[in-house]
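Analysis of the macromolecular model
Okay, here's what each chain looks like letter by letter:
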Amino acid sequence: MNADNLAGDINASLNPEQRTAAECIEGPVMLVAGAGTGKTKTLIHRCATMIKSGISPINILMVTFTNKAATEMRERLREMVGDSASHITAGTFHSVVYREMLSRYPDSSYLAEQGIDMANVGIMSDADSRKLLKESFEELGLPAKAYCDEHSIGLSDLDSQMGWARSRGYSLAEYRYQRVSGNEEVNPDFALVVEELWELYSQKCRAAGGIDFDDVLVVCAHMLEREPTIADSLGQRFRYLMLDEYQDTNPVQMRIMDAIARQHRNLFVVGDEKQSIYAFRGSDIQVIIGFLGRYQDAQIINMIRNYRSAPPVIECANAIAAAMNQRVPNSDGQLLAEAKIEPTPVSYYEFGNDLREASFIAGGIAKRLKAGVTGKNIAVLYRSRPIKQELERQLIAQGIPYLLEGDTAFFQRAEVRDTVALLRFVFQPWDNMAALRVLGSVSLGVSVNKVNAGLGQDSTVYEFLQAESDKRLKTTKAGIAPRTAAAKKVRAFLDVVDRTRECYEHFDDAEVLVKFVAEIWRIFFLPRVESAAKRATASQAQESVDLRKQNVGFVLEQFQEALGRGLTAEQAIEDLVLMAQASPDMDEEQDGKVRLMTMHASKGLEYDYLYVMGADSESLSAKEAEHFNDIEENRRLFYVAVTRAKRELCVTWSCQRLQHGQTLSTEQSPFVAEVLQHTGAGVVRG
DNA sequence: AGGATAGGATTTTTT
DNA sequence: ATCCTATCCT
Ligand SMILES: Nc1ncnc2c1ncn2[C@@H]1O[C@H](COP(=O)(O)OP(=O)(O)OP(=O)(O)O)[C@@H](O)[C@H]1O
Ligand SMILES: [Mg+2]
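Residues numbered from 1 in each chain as written. Chains lettered and ligands numbered in written order. Predicted model: local features only at pLDDT ≥ 70, side-chain atom pairs only at ≥ 80, totals over all residues. Heavy atoms only, no water.

1. Describing the packing of helix H5 (residues 93-102) against helix H12 (residues 213-226)
- The contact between H5 and H12 brings their axes to 10 Å, and the two run at 50°. In terms of axis orientation, H5 runs oblique to H12. Between H5 and H12 the crossing geometry is left-handed. Of the residues in H12, those in contact with Phe93, His94, Val97, Tyr98, Met101 and Leu102 of H5 are Phe213, Val216, Leu217, Val219, Cys220 and Met223. (Axes fitted to C-alpha atoms, helices over the stretch in contact; angles between N-to-C directions. Helix = DSSP H or I, 4+ residues; strand = E, 2+ residues; numbered from the N terminus. Parallel < 35°, antiparallel > 145°, perpendicular 65-115°, else oblique. Left-handed = near helix turned anticlockwise from the far one by under 90°. Contact = heavy atoms within 4.5 Å.)

Put into structure tokens, the structure is as follows:
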């Protein structure tokens, strides 16, 4: 079949390299190119080309870095090919692996061996796993504790080691093996403590009926490698694999994709090694750098034409790229400016303190808005969230509407987590984590400590509560004694929980179901919220109760909406846990709001007017110079940040700023210095 | 059950 | 400096 005839018109807006990539659909292909060269655009066109040429969308798997990116892909694809776009599988590694891989092969012998029964296991939220990890840490044996004290090792050190090992695909057994077999990379005493923690933690996860985010991927990788028939069956379903942001893939994710592509080898990856910025979370730049080694017949397509940014921005980006040391071979990493945008020089501003810096930026934004620029076309990027504090104050003071992109505060709120826990408890009574959280937030006369003390192995909190609800008063009279007060309360609670679940099992009415859950919350959770609010001042109190009610209502609305889309209750809960759901301010009018986000969160996005703030030597450099990669990664982060700009770019920093209540003296970031030297640009002192 | 208080953390993420 | 949490106390 000739792709040109069928797809020629849809790819008319592509340049020759992009077209080659979009129309080369068999075999391994890597599209590796700098920022703004149209990688993501090409990916979407390639998908559209395949569908137009007769490939069934159900055979296409597209993996993106965030849920939001997946939604946007599907949306843009729909514009090109219509409703068949909704039949492709698009999502993050975690959601795709959990839903389409682990859940689809519950009879896998590997899963059975690992004691994972997909019918009674749920994906655990980050907060849940952190809680279990902390408990495990406290239960470490005395020698381990002594070792930690002596070497001032904290939970975070052990956690990041565990995270690193699992991002590399190690199971506990394999991690232990590499210590026993004398791998020198990790201190064996340290590794021993990690193993002990890991063991305790896995037991707790199993007892809680939870599988954590890391394990979703590790377990899947092992399952596919141990049972190639499963990998091949997935390969038959997903005949075409596509991955965006390949530079931030970790080795387990790589193994999963390689396993599925084993037979057909139709693997299309897209990325830019100069934008690899998630190593702290296990991503490995070597995955993209080593692609050609793993697929020696792969077609490699490079692109250097940037269609996003004005020439001065490109000059700045090129200067940063020129200083990089970890590069894909056969390219100098330099971009050519193709966008027809009137050039405005990049400006670099140094301020005496963070206050002046913030008010300069707020003032600049106000000017642009006045000139008619829409808020959503302006963004401010920073390395870490505290950097933006002063700016937020200024924006509020000046009445400039803004939006924190990538903010998850909503899902961290107590009442939101309570509501999710309640949903989990209602529809997955075996979920002990959820049950315990519910128990801690309602007043049933049964404390969490009591349950923990009385809970036997292999029994659920639900069963424990059932037993509690049948406790009788001691009585000398014959006949059945009445229930204790606590037992009555527990009984009442379980009754309504059971009735709700039965309603779900027997009727298909999401609205009634959600009304039931809302009612449970009102009866059992609200009183505690109200009494807590009483202690605050009267006006604040009512506001906070109302806000909480609203938030609970919002979560339930999302849940109902997910059920309405045909998802099961379990899947709708997964959506909430994976935070694939919207947060409440998403249905407000957003276009007028200026965007504030971390540099990490800005990956893949673009804005007409861009401020990169806090570009100082403390935030944006390598503090621990012994880690060569940290320098490289921070430089890449700066590269990602500046390459978001379309028209104008302004880089700012201040010589003094407040950190943890103390004044911190800083100077310009070394990466800024590199750019200034390379481009000959000057600094304005504001 | 709920309040007070001491102690700890305080990049980057949302999967 | 400030916020959060765990723990102890009432
Ligand atoms: N051939 C082209 N002609 C005109 N505009 C293009 C072309 N290719 C891409 N663009 C535009 O350039 C911009 C950047 O494209 P895209 O986001 O796909 O780049 P990218 O390589 O994925 O960038 P990043 O590395 O930042 O993710 C978009 O606005 C896109 O519409
Ligand atoms: Mg992109």
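2. Side note on the site of ligand 1
- Close to ligand 1 lie 17 residues; Lys39, Thr40, Gln275, Glu606 and Arg644 are nearest.
- Within the contact set of ligand 1, a nitrogen atom lies 3.1 Å away from a backbone nitrogen or oxygen of Ser13.
- The separation between an oxygen atom of ligand 1 and a polar main-chain atom of Gly36 is 3.0 Å.
- Contact with the protein chains covers 82% of the free accessible surface of ligand 1, which is 630 Å².
- The element that contributes the greatest number of residues to the shell around ligand 1 is helix H3 (residues 39-52), accounting for three residues.
- Of the residues that constitute the shell around ligand 1, the class distribution is two nonpolar, 10 polar and five charged.
- Looking at the shell around ligand 1, you find at least three residues from each of domain 1 (16-104 + 227-303) and domain 3 (321-407 + 588-685). (Near = heavy atom within 4 Å. Polar contact = N/O pair within 3.5 Å; in protein donor to acceptor, adjacent residues only side chain to side chain. Areas by Shrake-Rupley, 256 points an atom, 1.4 Å probe, with all protein chains shown as cover. Nonpolar A, V, L, I, M, F, W, Y, C, P; charged D, E, K, R; others polar. Domains from an automatic or database assignment.)

3. Side note on the environment of His264
- With respect to the element layout, His264 can be found in the loop between helix H14 (251-260) and strand E7 (267-271).
- Taking relative accessible area as the criterion, His264 reaches 13% and is therefore assigned buried.
- Apart from the residues lying within four places of it in its own chain, the contact partners of His264 are Gly235, Phe238, Arg239 and Leu241.
- Within the local environment of His264, its side chain forms a polar contact with the backbone oxygen of Phe238, the two atoms lying 2.9 Å apart.
- Of note is the side chain of His264, whose polar atom sits 3.5 Å from the backbone oxygen of Arg239. (Buried < 20%, exposed > 50% of the residue type's maximum accessible area, 1.4 Å probe, protein only.)

4. Concerning H12
- Taking 1.5 Å per residue, 14 residues should reach 20 Å; H12 reaches 20 Å between its end C-alpha atoms and fits that length.
- Those residues of H12 not exposed but buried are Val216, Leu217, Val218, Val219, Cys220, Ala221, His222, Met223 and Leu224. (Expected span 1.5 Å × (residues − 1).)

5. Examining the environment of Arg548
- Topologically, Arg548 is positioned in helix H27 (residues 538-564).
- Sequence spacing of Arg548 and Leu526 is 22 residues, and the spatial spacing of their C-alpha atoms is 9.2 Å.
- If sequence neighbours within four positions are ignored, Arg548 has contacts with Arg413, Glu415 and Val529.

6. Side note on the state of the cysteines
- Enumeration over the complete set of coordinates arrives at zero disulfides.
- Looking at the unpaired Cys24, the closest cysteine sulfur is the one in Cys47, lying at 15 Å.
- Between Cys650, a cysteine without a disulfide, and Cys316, which holds the nearest cysteine sulfur, the sulfur-to-sulfur distance is 11 Å. (Disulfide = S-S within 2.5 Å.)

7. Describing the sheet that holds strand E13 (residues 402-404)
- Strand order across the open sheet formed by seven strands is E13-E14-E12-E15-E16-E11-E19, with parallel pairing between neighbours. Each edge of the open sheet is held by one strand with a lone partner, namely E13 and strand E19 (683-685). Taken over all neighbouring pairs, the strand axes of this sheet differ in orientation by 25° on average, direction set aside.
- As paired strands, strand E11 (residues 347-351) and E19 are joined by three bridges and run parallel to one another. (Pairing = 2+ DSSP bridges.)

8. A closer look at the domain arrangement of chain A
- Splitting chain A by domain gives domain 1 (16-104 + 227-303), domain 2 (111-217), domain 3 (321-407 + 588-685) and domain 4 (412-581).
- Relative placement of domain 1 and domain 4: their C-alpha centres are 40 Å apart.
- At the junction of the two partners, domain 1 supplies five residues and domain 4 supplies six residues.
- Here domain 1 meets domain 4 over a buried area of about 460 Å², counting both sides, of which 49% is carbon and sulfur.
- When the buried surface of domain 1 facing domain 4 is broken down by residue, Asn67, Tyr98 and Arg99 rank first, second and third, together holding 84% of it.
- Counting across the interface, domain 1 meets domain 4 through two salt bridges.
- One salt bridge connects Glu574 with Arg99, and the closest N-O pair in it is separated by 2.8 Å.
- Our count for the domain 1 to domain 4 interface comes out at three residue pairs in polar contact (both at pLDDT 80 or more).
- Tallying contributions element by element places H5 first for the side of domain 1 that touches domain 4, with four residues. (Buried area = accessible area lost by both parts, 1.4 Å probe. Salt bridge = Lys/Arg side-chain N within 4 Å of Asp/Glu carboxyl O.)

9. Quick notes on helix H19 (residues 389-397)
- When we look at burial in H19, the residues that qualify are Glu390, Leu391, Glu392, Gln394 and Leu395.
- Check the buried side of H19 and you find it contacts helix H18 (354-370), strand E12 (378-382), E13 and strand E14 (594-598).
- At the exit of H19 stands Gly399, carrying a positive phi of roughly 65°.

10. So, the pairing of strand E2 (residues 60-64)
- Counting buried residues along E2, five of its five residues qualify, which places the element largely inside the surrounding structure.
- Here E2 shows two buried faces, one formed by Ile60, Met62 and Thr64 and the other by Leu61 and Val63.
- Sheet analysis places E2 next to strand E6 (residues 240-243), joined by four bridges and oriented parallel. Looking at the pairing, Met62 lines up with Met242 of E6.
- This β-α-β element, E2 to helix H4 (residues 67-81) to strand E3 (residues 89-92), shows right-handed connectivity. (Right-handed = clockwise from strand over helix to strand, strands pointing away.)

11. Digging into the layout of surface pockets
- Put simply, the second largest pocket is a space of about 1,300 Å³.
- In terms of lining residues, the second largest pocket is bounded by 45 residues, among which Gln203, Lys204, Cys205, Arg206 and Ala207 are the most central.
- Elements with a minimum of two residues in the lining of the second largest pocket: helix H7 (126-138), helix H10 (172-180), helix H11 (188-208), strand E5 (210-211), H12, helix H22 (432-441) and helix H23 (448-454).
- Mapped onto the domain boundaries, the lining of the second largest pocket takes at least three residues apiece from domain 2 (111-217) and domain 4 (412-581). (1 Å grid on protein atoms, 1.4 Å probe; cavity = no way out; pocket = protein on both sides within 12 Å on 5 of 7 lines; lining within 4 Å. Points joined across faces, edges and corners; volume = space filled by probe spheres on them.)

12. A word on the side chain of Ser602
- The topology assignment puts Ser602 in the loop between E14 and strand E15 (607-612).
- A distance of 2.7 Å separates a polar side-chain atom of Ser602 from the backbone oxygen of Met599.
- Excluding residues within four positions of it along the chain, Ser602 makes contact with Leu381, Met597, Val640 and Arg644.

13. Observations regarding the pattern of salt bridges
- If you walk through the whole model with that rule in mind, you get 51 salt bridges.
- A salt bridge links Arg166 to Asp215, with the nearest nitrogen and oxygen atoms 3.2 Å apart. Of this pair, Arg166 sits in helix H9 (residues 155-167) while Asp215 sits in helix H12, and the two are 49 residues apart along the sequence.
- Connected through salt bridges with shared partners, the residues Arg99, Glu561, Arg565, Glu574 and Asp575 form a single ionic network.

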